[in-house]
Amino acid sequence: MLSKSIEKALNDQIRIEAESSQIYLAMACWAEVKGLEGVAGFMYDQSNEERDHMLKLVKFVNERGGHAHISELKAPNVTFESFKEMFEKLFEHEVFVSESINNLVHITLQEKDYATHNFLQWYVSEQIEEEAMARTILDKINLIGNDKGGLYLFDRDIVNLTVNSASMDNRE
């Protein structure tokens, strides 16, 4: 059974994951309209992944005797000055999500809910990967600078971008 405070915190995280999916979707639309098909494809995939993260939480809450709530979402930003700004905003958002997951883990430890704590470890590792990916992308964008040829190559290659973070070693 979930305590009411953990159920509320998990429902808050469900909303955050849903908003994350929307943020990636808005970024995909912006990139697609700008002709950045590779970036758009990457963002569409990330949007789906964030939705899966949300659904995993929904199922967990319901399976543990709670009631998952689907709430109203804050509308994401839909325009950006540049693709660099878009990825900077994305990195900031992933840091925010990591902080939220960490707070949730802290609550589970305070309440000695070790089953939920164990469940959340997947999210902790996932956020390490998400931040590493965003940081790697920003590093590449900074290397490109204002080079249009570099942007073309980046857009083509982002689909195949992989980042091996330290957290991935724990999953194998």
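Residues numbered from 1 in each chain as written. Predicted model: local features only at pLDDT ≥ 70, side-chain atom pairs only at ≥ 80, totals over all residues. Heavy atoms only, no water.

A. Structural context of the overall build of the protein chain. What the protein chain contains, in helices and strands, is 6 helices and 0 strands. For the protein chain, the succession of helices and strands along the chain, N to C, is α-α-α-α-α-α. The burial tally for the protein chain puts 48% of its 172 residues in the buried class. Put simply, of all contacts in the protein chain between residues at least 6 apart along the chain, 80% involve residues at least 24 apart. Accessible surface computed for the protein chain: about 9,600 Å², of which carbon and sulfur atoms make up 52%. If the 17 positive side-chain charges of the protein chain are averaged to one point and the 30 negative ones to another, these points end up 3 Å apart. (Helix = DSSP H or I, 4+ residues; strand = E, 2+ residues; numbered from the N terminus. Buried < 20%, exposed > 50% of the residue type's maximum accessible area, 1.4 Å probe, protein only. Contact = heavy atoms within 4.5 Å. Areas by Shrake-Rupley, 256 points an atom, 1.4 Å probe, with all protein chains shown as cover. Lys, Arg positive; Asp, Glu negative; His and termini not counted. Charge placed at Lys NZ, Arg CZ, Asp CG, Glu CD.)

B. Quick look at the confidence of the model for the protein chain. Mean pLDDT over the protein chain works out to 92, with 94% of the residues at or above the 70 mark. The spread of mean pLDDT over the elements of the protein chain runs between helix H6 (residues 166-171), the lowest at 51, and helix H1 (residues 4-33), the highest at 97. (pLDDT = per-residue confidence, 0-100.)

C. View of the packing of aromatic side chains. This model, assessed by the stated rule, comprises 6 aromatic pairs. Plain terms: the ring middles of phenylalanine 87 and phenylalanine 154 are 6.0 Å apart, the flat faces sit at 90 degrees to each other, and that makes the pair edge-to-face. Residue phenylalanine 87 is found in helix H3 (residues 83-110), and its partner phenylalanine 154 is found in helix H5 (residues 148-157); the two are separated by 67 residues along the sequence. With centroids separated by 4.9 Å and ring planes inclined at 85 degrees, the aromatic side chains of tryptophan 122 and tyrosine 123 adopt a geometry described as edge-to-face. On the basis of relative accessible area, tryptophan 122 is assigned to the partly exposed category, the value being 28%. Classification of tyrosine 123 as buried rests on a relative accessible area of 2%. (Phe/Tyr/Trp six-rings, centres within 6.5 Å; stacked < 30°, edge-to-face > 60°.)

D. Structural view of the pattern of salt bridges. Enumeration over the complete set of coordinates arrives at 6 salt bridges. Aspartate 12 serves as the salt-bridge partner of lysine 8, at 2.9 Å between the closest nitrogen and oxygen. Here aspartate 12 and lysine 8 lie together in helix H1, a separation of 4 residues that amounts to about one turn. Residue class for lysine 8 comes out exposed when judged on its relative accessible area of 52%. (Salt bridge = Lys/Arg side-chain N within 4 Å of Asp/Glu carboxyl O.)

E. Looking closely at the environment of tryptophan 30. Examined against the element boundaries, tryptophan 30 turns out to sit in helix H1. Along the sequence, tryptophan 30 and valine 78 sit 48 residues apart, while their C-alpha atoms lie 6.6 Å from each other. If we skip the residues at most four places from it in the chain, tryptophan 30 touches Leu36, Val78, Thr79, Phe80, Ser82, Phe83 and Met86.

F. Representation of the nonpolar core in the model. In terms of nonpolar packing, the biggest core is built from 27 residues, with Val39, Met43, Phe83, Met86, Phe87, Ile137 and Phe154 touching the most fellow members. Secondary structure elements with two or more residues in this core: H1, helix H2 (37-63), H3, helix H4 (114-144) and H5. The residues contacting methionine 86, other than those within four sequence positions of it, are Met27, Trp30, Val39, Met43 and Phe80. In terms of nonpolar packing, the next biggest core, distinct from the first, is built from 20 residues, Ala9, Ile16, Ala68 and Leu104 among them. (Core = buried A, V, L, I, M, F, W, Y, C linked by side-chain atoms within 4.5 Å.)

G. Just H3, in detail. Taking 1.5 Å of rise per residue, the 28 residues of H3 would be expected to cover 40 Å, and the 41 Å separating its terminal C-alpha atoms lies within 8% of that figure. Just past H3, the residue lysine 112 takes up positive phi, approximately 55 degrees. (Expected span 1.5 Å × (residues − 1).)

H. Here's a closer look at the packing of H1 against H3. Contact pair H1 / H3: the axes reach a minimum separation of 11 Å and the direction vectors enclose 170 degrees. Comparing their axes, H3 and H1 come out roughly antiparallel. (Axes fitted to C-alpha atoms, helices over the stretch in contact; angles between N-to-C directions. Parallel < 35°, antiparallel > 145°, perpendicular 65-115°, else oblique.)

I. Just the side chain of glutamine 13, in detail. Position of glutamine 13 relative to the elements: it lies in helix H1. Given the relative accessible area of 1%, glutamine 13 is considered buried. Polar side-chain contacts of glutamine 13 include one of 2.4 Å to the side chain of serine 100. (Polar contact = N/O pair within 3.5 Å; in protein donor to acceptor, adjacent residues only side chain to side chain.)

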